[in-house]
Amino acid sequence: MASSLYSNAQHVDFDSVLAMDDPGMVSMFEALMASGLRGFLGCPAVVYEDALIDFFENASVRNGVVFSTVGGQIVKITEKLFAESFELPVDGLGDLSEMPKDAIFDARSIVSLTGEQINLSGRKNQMKMPYRLLCDIVAKAISVKAGSFNAITVEKFSLMTAVVCGVKMNWATFLFGVLKKMVAAKTKQAKGFAIQISLLLATFPTVELGEASAFPASKILSKKTVLRFISINDRDGAEEIKEAAKKKDVLKKRTAADIEAAVPKKKRSLKKKSISSLALVEVAEEAVPIQQVVEPLDVEEPRCSSADAVDLIIQQVLDET
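Keep in mind it's a predicted model, so treat the numbers as computed, not measured. (Residues numbered from 1 in each chain as written. Predicted model: local features only at pLDDT ≥ 70, side-chain atom pairs only at ≥ 80, totals over all residues. Heavy atoms only, no water.)

### Considerations on the overall build of the chain
Here is step 1: Within the chain one finds 13 helices and seven strands.
Here is step 2: The buried share among the 321 residues of the chain stands at 36%.
Here is step 3: Within the chain, contacts between residues separated by at least 24 positions form 71% of all contacts whose residues are at least 6 apart in sequence.
Here is step 4: Accessible surface computed for the chain: about 19,900 Å², of which carbon and sulfur atoms make up 54%. (Helix = DSSP H or I, 4+ residues; strand = E, 2+ residues; numbered from the N terminus. Buried < 20%, exposed > 50% of the residue type's maximum accessible area, 1.4 Å probe, protein only. Contact = heavy atoms within 4.5 Å. Areas by Shrake-Rupley, 256 points an atom, 1.4 Å probe, with all protein chains shown as cover.)

### What about the nonpolar core?
Here is step 1: Within the largest apolar cluster, 82 residues are counted, with the highest numbers of intra-cluster contacts made by Phe29 and Phe55.
Here is step 2: The contacts of Phe55, once residues within four sequence positions are left out, are Val66, Ser68, Thr69, Val70, Val75, Ile77, Val183, Ile197 and Leu201. (Core = buried A, V, L, I, M, F, W, Y, C linked by side-chain atoms within 4.5 Å.)

### What to know about helix H10 (residues 194–201)
Here is step 1: Of all eight residues in H10, seven are buried, a share of seventy percent or more.
Here is step 2: When H10 is considered as a whole, its buried residues turn out to be Ala194, Ile195, Gln196, Ile197, Ser198, Leu200 and Leu201.

### A short note on the packing of helix H7 (residues 129–142) against helix H8 (residues 154–164)
Here is step 1: Closest axis-to-axis distance for the H7/H8 pair is 9 Å, and the angle between their directions is 115°. Note on packing geometry: the crossing formed by H7 with H8 is right-handed. Seen from H7, the contacting residues are Tyr131, Leu134, Cys135, Val138, Ala139 and Ile142; seen from H8, they are Lys156, Leu159, Met160, Val163 and Val164.
Here is step 2: Each residue belonging to the contact of H7 with H8 can be placed in one class, and the counts come to 10 nonpolar, no polar and one charged. (Axes fitted to C-alpha atoms, helices over the stretch in contact; angles between N-to-C directions. Left-handed = near helix turned anticlockwise from the far one by under 90°. Nonpolar A, V, L, I, M, F, W, Y, C, P; charged D, E, K, R; others polar.)

### Comments concerning the pattern of salt bridges
Here is step 1: Under the definition given, this model contains three salt bridges.
Here is step 2: Asp15 is the salt-bridge partner of Arg38, the closest N and O atoms lying 3.0 Å from each other. Of this pair, Arg38 sits in helix H3 (residues 38–41) while Asp15 sits in helix H1 (residues 14–17), and the two are 23 residues apart along the sequence.
Here is step 3: For Asp15, a relative accessible area of 58% corresponds to the exposed category.
Here is step 4: Members of the salt-bridge network, linked through shared partners, are Lys124, Asp136 and Lys140. (Salt bridge = Lys/Arg side-chain N within 4 Å of Asp/Glu carboxyl O.)

### Here we look at unusual backbone geometry
Here is step 1: Residues other than glycine seldom take positive phi values, yet Asn63 does so here, at roughly 55°.
Here is step 2: Considering the arrangement of structural elements, one finds Asn63 in the loop between strand E3 (60–62) and strand E4 (65–70).

### Describing the sheet that holds E3
Here is step 1: Overall, antiparallel pairing links the three strands, which are arranged E3-E4-E5 in an open sheet. Two strands close off the open sheet at either side, each with one partner strand: E3 and strand E5 (73–77). Averaged over all adjacent pairs, the angle separating strand axes in this sheet is 30°, with direction ignored.
Here is step 2: In this sheet, E4 lies alongside E3 in antiparallel orientation, the contact comprising three bridges. Paired with Val61 across the bridge in E4 is Val66.
Here is step 3: The strands touched by helix H4 (residues 49–58) within the sheet are E3, E4 and E5, with E4 carrying the most contacts at an inclination of about 125°. (Pairing = 2+ DSSP bridges.)

See below:
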């Protein structure tokens, strides 16, 4: 199904979003335009599903050029054709590893919700709302990587830095490189660029494209879908805060319990009650038969009266007590 090629895609209706009553969002979309991405992200949203399936099934890369067969016709897509079709900048950084470290440092504070530098291995909820959306755009429409869209990666943030800090990018080289990875034989690159590839195929007059279908409206960023994005993220953010508070309370209770368990308890000193003479006498009378079990020794010892024996046992018990 060709729909799988744009299940996580994102496109932009710039006319709609620039008319929003949200200065932060408008400023973010203006930065995308200034970066030179309007022609790529805002091109006419039409998809030729049958042609797309043919293209990816037969595509390959030879000498830096993308070749494929669609409807029995050979198509050849060069970086020059790609750049001209979407009016992409051809000057600037072509590799994200060249992104200036000071620009990344500044961007970590600019996009932060608290003003403190964000953690590049954290989640996008550290960011202000416009930049959470920008994080989605670079993940779904530019780098086209599978995985969690809530997680921040170095690659995503480098792309965001180019937009936020106005770093000049050779978008033609970078985006064409992503396309080549999509059609390479052994790659983990997700498939995408459904709208852009459809428009490129339409430039070949001999190719039978089949019936065109409209791109899903839910995947096009307009005033309506952006407001929905804000609403969902506000709700999710409130739930995350509530969940974090619960975990904090549980942690406090556990810590208190651990401290209490670690503190040694004082042993209570028990006061021994005085034993009455009558009880001692009973003990003595019970102790006498034990002596009778012991075999008599050959050495004769002086015998004492039963009264003396009782007094002796009472004295022993008192000494032990």
